[in-house]
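# Coordinates in review
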Amino acid sequence: LAVGMAVALALMALLAADAVAPVKDSLLNICMDAKHHKSQPGPEDKLHDQCSPWKDNACCTANTSSEAHKDQSNLYNFNWNHCGVMPAKCKRHFIQDTCLYECSPNLGPWIDQVDSSWRRERIFHVPLCKEDCEEWWKDCKDSLTCKENWHKGWNWATGTNRCPWGSMCRAFSEMFPRPKDLCEKIWSNSYRYTPEPRGSGRCFQMWFDPAQGNPNVVVAKYYAWKKRSSPAQVENVAPESDRAVCALPCSVLLLLPLALVLL
C-alpha cells in the first residue's frame, strides 16, 4: 500500500508539473522541410545584403543568402531575366521574397505538406501587408514576363527556365492587373493580399529594419494562437502539420491507472 501511495503521489506530481510547464509551440520559430532550409533556426553572422535582417535567427545559410541575389541562382536554376533584363527596382522585391522564404523562422502557421521532388513542405496564404504587395506591383508593373504562375509550366530543356513555346512576353501590369493578382498568383497562393498595414501585427513584411526588431514574430504568434483557438474558423490558414506535441507525457498517462490500482 505504501509503495502504491508513493507511486501515485509521484505520478500526480509529474502531472501537476507538466500542467504548468510551458509546451514548445510547434508552429513558432521553426524551419520548413525544403531544399535549402536548415533543420533549426539560429544565428548567421554573414547573411548577404537583403537577407541580412534575419541574421540573428535564420533558417538560411550565408551561402543560400548569397545565391538569392544572383540573376542565375544555383538555388533553383531560375532566371529572373526570361523576358529581357528585369529592372533592379523590380528585382529587389523578388530577392526580398526569396530571403523571406529561405530565411524566415516565422512561417510556421502557414506551412503545408507537399509531395515534391525538391521539398516536403511549402507555405500557403501567408498574409502580406498591403504596402509590401502594392510596392512590389508598382516597381514591377513595367517589367516583362510570359507567365502568370512561376511555379510551373516553364520550358526546362536547357536546364534553366525559359518561356514555354508559343507564349508572349507581356508587361506585369497586363499579366497582373492588380497588386492582389501579382502577390497571390505568381507563387501558387504562397501569399495572400491583405488590407492590413505594416505595424498592425496582422500581416507579414517581406523586409524590415533589423534595428527595429522582426515584426513578423508577433504576426506568427497571433495566427498560431488564432489557429489553435478556432481552427475550423481560421480563414486561409494551412492545415497544421504533424508536429503537434502531446500535452501530457504519454508514459505518465499509461502508468496512472496502475498507480490508482495500487492505492
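Quick caveat, the model's predicted, so the values are computed rather than measured.

### Looking at the overall build of the chain
- Along the backbone of the chain there are eight helices and six strands.
- N-terminal to C-terminal, the α/β element order of the chain is α-α-α-β-β-β-α-β-β-α-α-β-α-α.
- Buried positions account for 45% of the 263 residues belonging to the chain.
- Restricting to contacts in the chain with at least 6 residues of sequence separation, those with at least 24 account for 66%.
- Entry remark: accessible area of the chain is about 13700 Å², with carbon and sulfur atoms responsible for 57%.

### Topic: the nonpolar core
- In terms of nonpolar packing, the biggest core is built from 47 residues, with F94, W136, W150 and W187 touching the most fellow members.
- Counting only elements with at least two residues in this core, the list comes to helix 3 (88–103), strand 3 (126–128), helix 4 (130–140), helix 5 (172–175), helix 6 (179–185) and helix 7 (216–229).
- Element by element, the count of residues in this core is highest for helix 3, at seven residues.
- Apart from the residues within four sequence positions on either side, W187 is in contact with F78, W80, F94, D97, R122, W136, W150 and H151.

### Observations concerning helix 3
- For helix 3, spanning 16 residues, the distance from its first C-alpha to its last is 21 Å, which sits close to the expected 22 Å at 1.5 Å a residue.
- Here helix 3 lies mainly inside the structure; 13 of its 16 residues are buried.

### Notes on the environment of T160
- Along the chain, T160 falls in the loop between strand 4 (144–145) and strand 5 (170–171).
- Residues T160 and N79, 81 residues apart in the sequence, show an inter-C-alpha distance of 6.7 Å.
- Of note is the side chain of T160, whose polar atom sits 3.5 Å from the side chain of N161.

### Things to note about the packing of aromatic side chains
- Enumeration over the complete set of coordinates arrives at 19 aromatic pairs.
- With a centroid separation of 5.9 Å and an interplanar angle of 90°, the aromatic rings of W150 and W187 are classed as edge-to-face. With a gap of 37 residues between them, W150 in the loop between strand 4 and strand 5 and W187 in the loop between helix 6 and strand 6 (191–193) connect regions that are remote in the sequence.
- With a centroid separation of 5.0 Å and an interplanar angle of 80°, the aromatic rings of Y222 and Y223 are classed as edge-to-face.
- Under the relative-accessibility criterion, Y222 is labelled partly exposed at 22%.
- Through pairs of rings, three or more aromatic residues link up here, namely F78, W80, F94, W136, W150, W154, F172, F176, W187 and Y191.
- In this arrangement the basic side chain of K147 is found over the ring face of W154, its NZ or CZ atom lying 5.6 Å from the centre.
- The ring of Y222 is capped by R202, whose NZ or CZ atom sits 3.6 Å from the centre of that ring.

### Structural notes on the state of the cysteines
- Going through the model one piece at a time under the given rule, you end up with eight disulfides.
- Each disulfide pairs two cysteine sulfurs, and for C60 the partner residue is C103, the sulfurs being separated by 2.1 Å. With the S-S dihedral at roughly 95°, the linkage between C60 and C103 falls on the right-handed side. You can see C60 sitting in the loop between helix 1 (2–20) and helix 2 (62–67) and its partner C103 sitting in helix 3, a full 43 residues away along the chain. Across the pair, exposure class does not vary: C60 and C103 are buried alike.
- Paired by a disulfide, C129 and C203 hold their sulfur atoms 2.1 Å apart. Disulfide C129 to C203: torsion about the S-S bond roughly 90°, handedness right-handed. Residue C129 is found in the loop between strand 3 and helix 4, and its partner C203 is found in the loop between strand 6 and helix 7; the two are separated by 74 residues along the sequence.
- On the basis of relative accessibility, which here comes to 0%, the residue C129 falls in the buried class.

### Observations concerning the confidence of the model for the chain
- Mean pLDDT for the chain: 79, with 76% of residues reaching 70 or above.
- For the stretch residues 233–263, pLDDT sits under 50, and the model shows 53 contacts to residues farther than four places along the chain or on other chains.

### A few points about unusual backbone geometry
- For H125, which is not glycine, the phi dihedral falls at a positive 65°.
- You can see H125 is positioned in the loop between strand 2 (121–123) and strand 3.
- The buried category is assigned to H125, whose relative accessible area is 12%.

### With respect to the pattern of salt bridges
- Going through the model one piece at a time under the given rule, you end up with 12 salt bridges.
- With a shortest N-O distance of 3.2 Å, R92 and D139 are connected by a salt bridge. With R92 in helix 3 and D139 in helix 4, the pair connects residues that are 47 residues apart, well separated along the chain.
- The salt bridge partner of D181 is R178, with a shortest N-O separation of 3.0 Å.
- Judged by relative accessible area, R178 falls into the partly exposed class, the value being 45%.

Cut-offs used in this document
Residues numbered from 1 in each chain as written. Predicted model: local features only at pLDDT ≥ 70, side-chain atom pairs only at ≥ 80, totals over all residues. Heavy atoms only, no water. Helix = DSSP H or I, 4+ residues; strand = E, 2+ residues; numbered from the N terminus. Buried < 20%, exposed > 50% of the residue type's maximum accessible area, 1.4 Å probe, protein only. Contact = heavy atoms within 4.5 Å. Areas by Shrake-Rupley, 256 points an atom, 1.4 Å probe, with all protein chains shown as cover. Core = buried A, V, L, I, M, F, W, Y, C linked by side-chain atoms within 4.5 Å. Expected span 1.5 Å × (residues − 1). Polar contact = N/O pair within 3.5 Å; in protein donor to acceptor, adjacent residues only side chain to side chain. Phe/Tyr/Trp six-rings, centres within 6.5 Å; stacked < 30°, edge-to-face > 60°. Lys NZ or Arg CZ within 6 Å of the ring centre and 35° of its normal. Disulfide = S-S within 2.5 Å. pLDDT = per-residue confidence, 0-100. Salt bridge = Lys/Arg side-chain N within 4 Å of Asp/Glu carboxyl O.

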